Amino acid sequence: MPGGENSSERPAQDGHPKLDGSKGKAMTMQVKVDGTAREAKPEERLVDFLNRAGTTIPQVCYHPQLGPIQTCDTCMVEADGKLVRACATVVGAGMEVSTRSGRALSAQREAFDRILGNHMLYCTVCDNNNGNCTVHNTTRLLAVEHQTIPFKPKTYKVDSTNPFYRYDPDQCILCGRCVEACQNVQVNETLSIRWEDPHPRVLWDGGATIGESSCVSCGHCITVCPCNALMEKSMIGHAGFFTRLTQPALNGMIDLVKGIEPDTGYGSILKVSEAEAAMRESRIRRTKTVCTYCGVGCSFNIWTKDRHILKVEPSEGPANGISTCVKGKFAWDFVNSADRLTQPLIRDGSRFRKASWEEALDLVARRIAEIKAQSGPDSLAFISSSKCTNEESYLMQKLARAVIGTNNMDNCSRYCQSPATVGLWRTVGYGGDSGSIKDIENASLVVIIGSNTAESHPVLATRVKRAHKLRGQKLIVSDLRENEMAKRADLFLHPKPGTDLVWLSAITRYILDNGLAKTRFLDEWVNGLEEYRKSLEPFTMEFAAEICGLRIETLKKVADMIAAAEGVCMLWAMGVTQHSMGSDTSTAISNLLLVTGNYMRTGTGAYPLRGHNNVQGASDHGAMPNFLPGYQPVDDPGVRARFEAGWKVQLPVTKGLDNHEMIEAIHQGKLKAIYLFGEEISLVDSNSNFVDEGLAKLEFFVVQDVFFSDTCRFADVVLPASPSLEKEGTFTNTERRIQRLYQVFEPLGGSRPDWQIIQDLANRLGAKWHYQHPSEVYQEIAALTPLFAGVSYERLDGFKSLQWPVAADGTDEPLLYTKGFHFPDGKARLFPLSYSQPTDPPNGEFDLHLNNGRLLEHFHEGNLTYRSAGIREKTPDTFVEVSPELAAERGIQSGTWVQLVSRYGQVRVRAVVTDRVQGKELYMPMNSSDSPVNRLTSSHTDQITHTPAYKETSVLLRVLPESGPNPLPRANHRFGHPTPQHGVEVERKWKRTDYRIPGSQPTQFHAAKTKPNGS
Ligand code: SF4
Ligand code: SF4
Ligand code: SF4
Ligand code: FES
């Protein structure tokens, strides 16, 4: 092929250098660049090497996290005399590279001129003119003065049908980054470019409007778009000084610029736009924060102008890179919501009146002191928030223990994660994910049990979807619903509710009985095999088939896949833990991993996916009834002595009440007062009628929150708190990764960061705390807690993070157990188990099983996400999923109102008929305050942890005469039709008859006309 080659061959996706096995050092090789010898790493992409070496070449479609997509051709260089795309070429020893030869420069310029034919340069009036526009910067880099291929509009309309972003085909340079991100990073497979079209453009579901496509509004495509073709609506008209103009005025300015371009050239015009971009720096702030929603822990820069959020820009977050889901990317309206609490409220009969902070805190301190004096410290309890920072949980438990003198302290990990933690404590020692998201990506087989990962941990799910799609990773999913991951799985199991322990134990026994266990691993690293083996006796395949309703062949296939896999990661969540056997089932998962040798290496391990953004951190930092920070037992005299010396107090010695026991204790008259922050207990605890009755009986109840939550109805004092964007601190994600968040806004109105409120109250109660900043709180935590000994704000600066345990020298452990398990002898422990039936079983009257969980769009009860107008538009309400069989039997259609009645309460809700559920199994998302699913759930719990058995609920269903529209509107992504393909499929572009490789024929682009100014 003259002048260059098309190649779809992709170098290593992660770009990591090869290591010299003996020394662990990167090997290098010599490559000559423009006459100068430089050290390159083996398997390094040429473009990465050049960037590292500081040799600037254009690279419009290249994004390191997407890999080479080869659509723009602007990165053409000569390598060993041949024109190649630097992004698609791997360095070779002795390679001679010329980035500035006449041929290379001419090819770069020709390629870029084609791009300008697809994009109108109106930078000064463009909201994307913020110094980071790739098209603008490449125009500058190549010193383009006049384009030879004139801009031609594509005749398609701007698509604004998505509430969060719009697509302007006329500005689209067809680089395909968005397609690659959607197909192969997010793996939603919505976007494509039909290269065969006369005038290609980006297509949603092959040609739908964005609003009615399968787009989940994750924002990947917008984040990677190198220009203004895809933009957040929140940017439009807000970022620039001249971008709020009316369309006619805007057109006038564009015409003016076009008019002077032939005389002045782009150089002068770009100077004006660059001056305008520089002016923007004075009013646009970029602040790093960590997502406030789920436990994946995405971090990003948030762009703001005053209190307006321009956009969320993910780029280098250690857990997420360029990834977000709709919530982290777009669901921030709540921060400026008109109904934020901005002043303390004090109950006045059946109403609340506004009060000053002085009055409210004085009242809280006085009542707490009175109740403590009358009924003792254990008549008070404290509930910390899994949404708030580590420092705030630490201070809350310090208030409870050191100031009040009680261990009645808990957080909402009680509602979801405690059983998983117990399962891991019993078997491997640490109560956290055994590795990182990267380790899950590296597995050859991922097994997901009771987790709707694509909706509850969306960004983590993208890594599994990607490995499954691109690397051939295998996927087994066990769930009641055929959720997205189940649809993608190589094997989908649908066991009967509450029976996971049985099939897990049966396949473990099968593996042991059939010589498939990793015996050397067991001999070297695991204790308790014989006793455990005995406990497996009842778990035959026949027993499992009968109890779980699964076929023996299927179970054997699962066992064989697990036994044969090089590395297995098992992921689970509330579908396992929120059962009466939640702790034991979590233990069964870990037992299976041990028997098959799936710990101690990347690509293996146990991953209980933490739900809230900081549910891991709240427990880690002592918001538990039996542990001081770092899981140090309250009944260990040595531990207490250390904290007593540090805090200069005497500490209570016995375990306190957990959340579940607190409600019981109120009903028994033992608990008189609760101070709770950032927790919607009246909607999210199970059997909420019983909970509400309890809360109503409290003598004194303080609720601290961002909004007047459902729980506030029972409060005596409501204190207005600040959300994550209005404070500093740290969160710990599901990977045990501690990350800093920086303050974006001042607290709204009179609201205050929780740590300041807790400190004010503690001082009114006699403490002498003087924390000026959360970093000082962390210094104290690190000094008292071996697990976090080396954590400091300096080590967490910017996007840096640490994964506990962190040694005093700052060494952390992204992958646990590489040298042994967290027990004194370094050996793991197999834990014997038995099975008991789920609680609240169906019978003739309550004949349906009700499952519940999260939705992608709303977080938990929805207090924050319902305040996002875009999310409301897409997903306005809750619903109950009904199977087609049951719908036909009962005459139900999507939109039919039904009443669900359990042994504990009832709700009225509209139906959605879907084959995601089967037979007599229903599913309700948990996001509703009007029809909360917890009116129906029971007070049964996991015996070990008291985690409610939310997933063991039976109901009867009454069809009501009314019906309405489908509660899921047509604009919901679930009605879309994705178009999976292998990324951009640039080969189809190369087959176009009008395509030729730049530089392959003589052109008018000569080196003399191009003056690269960046190298
Ligand atoms: S799902 Fe939607 S927002 Fe996400 S990358 Fe695809 S098209 Fe873009
Ligand atoms: S919309 Fe897609 S193809 Fe068009 S410029 Fe943006 S990233 Fe490239
Ligand atoms: S909700 Fe979870 S997955 Fe979505 S952006 Fe936030 S941390 Fe990431
Ligand atoms: S950057 Fe290499 S082809 Fe676009």
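Each value, and the rule that gives it
Residues numbered from 1 in each chain as written. Chains lettered and ligands numbered in written order. Predicted model: local features only at pLDDT ≥ 70, side-chain atom pairs only at ≥ 80, totals over all residues. Heavy atoms only, no water. Helix = DSSP H or I, 4+ residues; strand = E, 2+ residues; numbered from the N terminus. Rg over C-alpha atoms; globule rule 2.2 N^0.38 Å. Areas by Shrake-Rupley, 256 points an atom, 1.4 Å probe, with all protein chains shown as cover. Lys, Arg positive; Asp, Glu negative; His and termini not counted. Charge placed at Lys NZ, Arg CZ, Asp CG, Glu CD. Pairing = 2+ DSSP bridges. Axes fitted to C-alpha atoms, helices over the stretch in contact; angles between N-to-C directions. Salt bridge = Lys/Arg side-chain N within 4 Å of Asp/Glu carboxyl O. Buried < 20%, exposed > 50% of the residue type's maximum accessible area, 1.4 Å probe, protein only. Near = heavy atom within 4 Å. Nonpolar A, V, L, I, M, F, W, Y, C, P; charged D, E, K, R; others polar. pLDDT = per-residue confidence, 0-100. Contact = heavy atoms within 4.5 Å. Expected span 1.5 Å × (residues − 1). Bend = angle between axes of the 7 residues up to and from the residue. Patch = residues over 30% accessible without salt bridge, like charges linked within 9 Å, V, L, I, M, F, W, Y side chains within 5 Å. Phe/Tyr/Trp six-rings, centres within 6.5 Å; stacked < 30°, edge-to-face > 60°. Lys NZ or Arg CZ within 6 Å of the ring centre and 35° of its normal. Polar contact = N/O pair within 3.5 Å; in protein donor to acceptor, adjacent residues only side chain to side chain. Right-handed = clockwise from strand over helix to strand, strands pointing away. Core = buried A, V, L, I, M, F, W, Y, C linked by side-chain atoms within 4.5 Å. Arc of directions from axis to C-beta. Disulfide = S-S within 2.5 Å.

Peer 1: Explain the overall build of the protein to me, please; I cannot follow it from the model alone.
Peer 2: Looking only at helices and strands, one finds 32 helices and 39 strands in the protein. Relative to a compact globule of 1015 residues, whose C-alpha radius of gyration would be 31 Å, the protein shows 30 Å and is just as compact. Judged by the C-alpha coordinates and their principal axes, the protein covers about 90 × 70 × 65 Å. In the form shown here, the protein has an accessible surface area of approximately 35100 Å², with 52% of it arising from carbon and sulfur atoms. Within the protein, the 117 negative side-chain charges are centred at a point lying 3 Å from the centre of the 113 positive side-chain charges.

Peer 1: Before we go on, may I ask you to explain the sheet that holds strand 31 (residues 737–741) in this structure?
Peer 2: Hydrogen bonding along the main chain pairs the strands of a sheet, whether they run parallel or antiparallel. What the 3 strands build is an open sheet, ordered 30-31-32; its pairing is antiparallel. Only two strands of the sheet have a single neighbouring strand rather than two, namely strand 30 (729–732) and strand 32 (801–803). Across the sheet, the mean angle separating the axes of adjacent strands is 30° when strand polarity is ignored. One ladder, built from 4 bridges, connects strand 30 with strand 31; its direction is antiparallel. Across the sheet, glycine 729 pairs through a bridge with leucine 741, a residue of strand 31.

Peer 1: Got a minute to help me understand the pattern of salt bridges in this structure?
Peer 2: Two side chains carrying opposite charge are able to pair once their charged atoms lie near each other. In total, this model carries 52 salt bridges according to the counting rule given. For the salt bridge of aspartate 73 with arginine 85, the shortest nitrogen-to-oxygen distance reads 2.6 Å. Placement of the pair is aspartate 73 in the loop between helix 1 (46–53) and strand 5 (76–79) and arginine 85 in strand 6 (residues 82–85), with a sequence separation of 12 residues. Considered together, aspartate 73 and arginine 85 belong to a single accessibility category, that of buried residues.

Peer 1: Quick question: what am I supposed to make of the site of ligand 2 here?
Peer 2: If you check the shell around ligand 2, you find 14 residues, and the closest are Cys172, Cys175, Gly176, Cys178 and Cys225. Of the residues in the shell around ligand 2, the class split is 12 nonpolar, 1 polar and 1 charged.

Peer 1: How do you make sense of the site of ligand 3 when you look at a structure like this?
Peer 2: Lining the immediate surroundings of ligand 3 are Cys291, Tyr293, Cys294, Gly297, Cys298, Cys325, Lys327, Gly328, Pro458 and Val459. Elements represented by at least two residues in the shell around ligand 3 include exactly helix 8 (326–330) and helix 14 (458–470). Classifying every residue of the shell around ligand 3 gives 7 nonpolar, 2 polar and 1 charged.

Peer 1: Please clarify how the sheet that holds strand 13 (residues 299–305) should be interpreted in this entry.
Peer 2: Reading across the sheet, the 3 strands line up as 12-13-14 and stay open at both edges, with antiparallel pairing between neighbours. Looking at strand neighbours, the two that pair on one side only are strand 12 (284–290) and strand 14 (308–313), the edges of this open sheet. When the angles between neighbouring strand axes are averaged without regard to direction, this sheet yields 30°.

Peer 1: Honestly, the confidence of the model for the protein in this entry has me stumped. Any pointers?
Peer 2: Mean pLDDT for the protein: 93, with 96% of residues reaching 70 or above. Every residue in residues 7–25 is under pLDDT 50, and counting partners more than four places away or in other chains gives 31 contacts. Taken as a whole, residues 1006–1015 scores under 50 in pLDDT and shows 18 contacts with residues more than four places along the chain or in a different chain.

Peer 1: Would you mind going over helix 10 (residues 390–404) with me for this structure?
Peer 2: Counting along an α-helix, one turn takes 3.6 residues, and residues three or four places apart therefore face a common direction. Here helix 10 is 15 residues long and its end C-alpha atoms lie 20 Å apart, about the 21 Å a rise of 1.5 Å per residue gives. Where helix 10 bends most, at lysine 398, the angle is about 30°. Most of helix 10 sits inside the fold, with 15 of its 15 residues counted as buried. One or two steps after helix 10, the chain reaches glycine 405, where phi turns positive at roughly 95°.

Peer 1: Got a minute to help me understand a nonpolar patch on the surface in this structure?
Peer 2: On the surface, a nonpolar cluster with roughly 380 Å² of combined accessible area is contributed by Phe241, Phe242, Leu245, Met253 and Met279. Inspection of the secondary structure puts methionine 253 in helix 6 (residues 247–264).

Peer 1: Looking at this structure, how should I read the packing of aromatic side chains?
Peer 2: Aromatic ring pairs: the centre-centre distance and the angle between the two ring planes describe each pair. Tallied over the entire structure, the rule returns 26 aromatic pairs. Ring centres 5.7 Å apart and planes at 90° place the aromatic pair tyrosine 599 and phenylalanine 821 in the edge-to-face group. Of this pair, tyrosine 599 sits in the loop between helix 22 (582–595) and strand 24 (605–608) while phenylalanine 821 sits in the loop between strand 32 and strand 33 (828–829), placing them 222 residues apart in sequence. Owing to a relative accessible area of 1%, tyrosine 599 belongs among the buried residues under this scheme. By relative accessible area, which is 4% here, phenylalanine 821 ends up buried. Grouping aromatic residues by their ring pairs yields a cluster made of Tyr430, Phe521, Trp525, Tyr599, Trp804, Tyr817 and Phe821. Over the face of the ring belonging to phenylalanine 707 we find arginine 867, whose NZ or CZ atom lies 3.6 Å from the ring centre.

Peer 1: Looking at this model, I keep getting lost on the environment of threonine 878. Mind explaining?
Peer 2: With respect to the element layout, threonine 878 can be found in the loop between helix 30 (869–874) and strand 35 (880–882). Along the primary structure threonine 878 and glycine 790 are separated by 88 residues, whereas in three dimensions their C-alpha atoms are 44 Å apart. In contact with threonine 878, not counting residues within four places along its chain, are Tyr866, Val909, Pro925, Asn927, Ser928, Ser931 and Pro967. Among the polar contacts made by the side chain of threonine 878, one reaches the main-chain carbonyl oxygen of proline 925 at a distance of 3.4 Å.

Peer 1: Hey, could you run me through the side chain of threonine 304 in this one?
Peer 2: Looking at the secondary structure, you find threonine 304 in strand 13. Beyond its immediate sequence surroundings of up to four residues, threonine 304 is in contact with Arg283, Ile284, Arg285, Ile309, Leu310, Val744 and Phe745.

Peer 1: I keep staring at the pairing of strand 17 (residues 380–383) and nothing clicks. Help me out?
Peer 2: On a regular strand, each side chain points to the face opposite its neighbour's, so the side chains alternate between the two faces of the sheet. Every second residue of strand 17 is oriented toward a common face, with Leu380 and Phe382 on one face and Ala381 and Ile383 on the other, all of them buried. Relative to strand 27 (residues 673–677), strand 17 runs parallel, the two being bridged by 4 bridges. Residue pairing in the sheet places isoleucine 383 in a bridge with leucine 676 of strand 27. Bridge count for strand 17 against strand 18 (residues 409–410) is 2 bridges, and the pairing is parallel. Following the sheet pairing, isoleucine 383 is matched in strand 18 by aspartate 410. What joins strand 17 to strand 18 is helix 10, and the crossover it makes is right-handed.

Peer 1: Explain the nonpolar core to me, please; I cannot follow it from the model alone.
Peer 2: Core analysis: the largest hydrophobic core is formed by 121 residues, its most contacted members being Leu399, Trp503, Tyr599 and Phe821. At 9 residues, helix 16 (residues 500–513) tops the list of elements feeding residues into this core. Setting aside its immediate chain neighbours within four residues, tryptophan 503 contacts Ile449, Ser478, Leu493, Pro495, Ala544, Cys548, Leu550, Leu555 and Val558. Leu475, Met485, Ala486 and Trp990 belong to the second largest nonpolar core, which has 94 residues in total.

Peer 1: How should I be thinking about helix 6 in this particular structure?
Peer 2: Between its first and last C-alpha, helix 6 extends 25 Å over 18 residues, near the 26 Å set by a 1.5 Å rise per residue. By the burial criterion, the buried members of helix 6 are Leu250, Ile254 and Glu261. Along the axis of helix 6, the buried residues cluster in a sector spanning 40°; they form a single face. Seen from the buried face of helix 6, the exposed residues on the opposite side, beyond 90 degrees, are Pro248, Asp255, Leu256, Pro262 and Asp263.

Peer 1: Looking at this structure, how should I read the pairing of strand 5?
Peer 2: What you see with strand 5 is no split at all: Met76 and Glu78 on one side and Val77 and Ala79 on the other are buried throughout. For strand 5 and strand 7 (residues 96–98), the ladder comprises 2 bridges, and the chain directions are antiparallel. Bridge pairing in strand 7 links alanine 79 to valine 97.

Peer 1: What is the right way to read the side chain of asparagine 687 from this model?
Peer 2: As for its position among the elements, asparagine 687 is in the loop between helix 26 (681–684) and helix 27 (688–697). Beyond its immediate stretch of four places on either side in the chain, asparagine 687 contacts Tyr904, Asn934, Thr937, Ser938 and Ser939.

Peer 1: Just checking my understanding: could you explain unusual backbone geometry for this structure?
Peer 2: The phi angle of most residues is negative, glycine excepted, and most peptide bonds adopt the trans form. Residue tryptophan 804 is joined to proline 805 through a cis peptide bond whose omega torsion reads 0°. Here the phi dihedral of methionine 600 falls at roughly 80°; this positive angle occurs in a residue that is not glycine. By the element assignment, methionine 600 lies in the loop between helix 22 and strand 24. The exposure class assigned to methionine 600 is buried, which follows from its relative accessible area of 13%.

Peer 1: Explain the state of the cysteines to me, please; I cannot follow it from the model alone.
Peer 2: When the sulfur atoms of two cysteines share a covalent bond, that bond is a disulfide. Using the criterion set out here, one finds 0 disulfides in the structure. Between cysteine 227, a cysteine without a disulfide, and cysteine 225, which holds the nearest cysteine sulfur, the sulfur-to-sulfur distance is 4.0 Å. For cysteine 227, a relative accessible area of 2% puts it in the buried group. Sulfur of cysteine 416: no disulfide; nearest cysteine sulfur belongs to cysteine 412 and is 5.3 Å away. With a relative accessible area of 4%, cysteine 416 lands in the buried category.

Peer 1: Any chance you could explain the environment of isoleucine 892 here in plain terms?
Peer 2: Topologically, isoleucine 892 is positioned in the loop between helix 31 (884–890) and strand 36 (896–902). Remark: the alpha-carbon pair of isoleucine 892 and valine 125, spanning 767 residues in sequence, is separated by 53 Å. Excluding residues within four positions of it along the chain, isoleucine 892 makes contact with Val882, Ala887, Val898, Ala911, Val913, Leu957 and Val959.

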